[in-house]
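# Residue-level structural notes
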Amino acid sequence: MVNSPKYRIEVFWSEDDEEFIAIAPELKGCSAGGLSREEAVNELEIAIDLWLEVAKEQNREIPIPAMKH
């Protein structure tokens, strides 16, 4: 995994999906799921790296993380 900036992560249980969902609110549409909180967060960290990679390739604006390292 790339050493990505620290974006805020929110985790919640989804009754519809029957799994935990982790989102990075600062990165529109960036989310992941898992059977545990830890799995959802791990998957989201991968999704954040991919989101940032695609944004750079497409020359999209990348939000500055609200969290400090």
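Residues numbered from 1 in each chain as written. Predicted model: local features only at pLDDT ≥ 70, side-chain atom pairs only at ≥ 80, totals over all residues. Heavy atoms only, no water.

Along the backbone of the chain there are one helix and three strands. In the chain, the order of α-helices and β-strands from amino to carboxyl end is β-β-β-α. Considering the chain as a whole, with its 69 residues, one finds that 29% of them fall into the buried category. The long-range fraction of contacts in the chain, counting pairs at least 24 apart against all pairs at least 6 apart in sequence, stands at 33%. Entry remark: accessible area of the chain is about 5000 Å², with carbon and sulfur atoms responsible for 51%. (Helix = DSSP H or I, 4+ residues; strand = E, 2+ residues; numbered from the N terminus. Buried < 20%, exposed > 50% of the residue type's maximum accessible area, 1.4 Å probe, protein only. Contact = heavy atoms within 4.5 Å. Areas by Shrake-Rupley, 256 points an atom, 1.4 Å probe, with all protein chains shown as cover.)

This structure, assessed with the given rule, holds one salt bridge. Here E10 makes a salt bridge to R8, at a shortest N to O gap of 2.3 Å. (Salt bridge = Lys/Arg side-chain N within 4 Å of Asp/Glu carboxyl O.)

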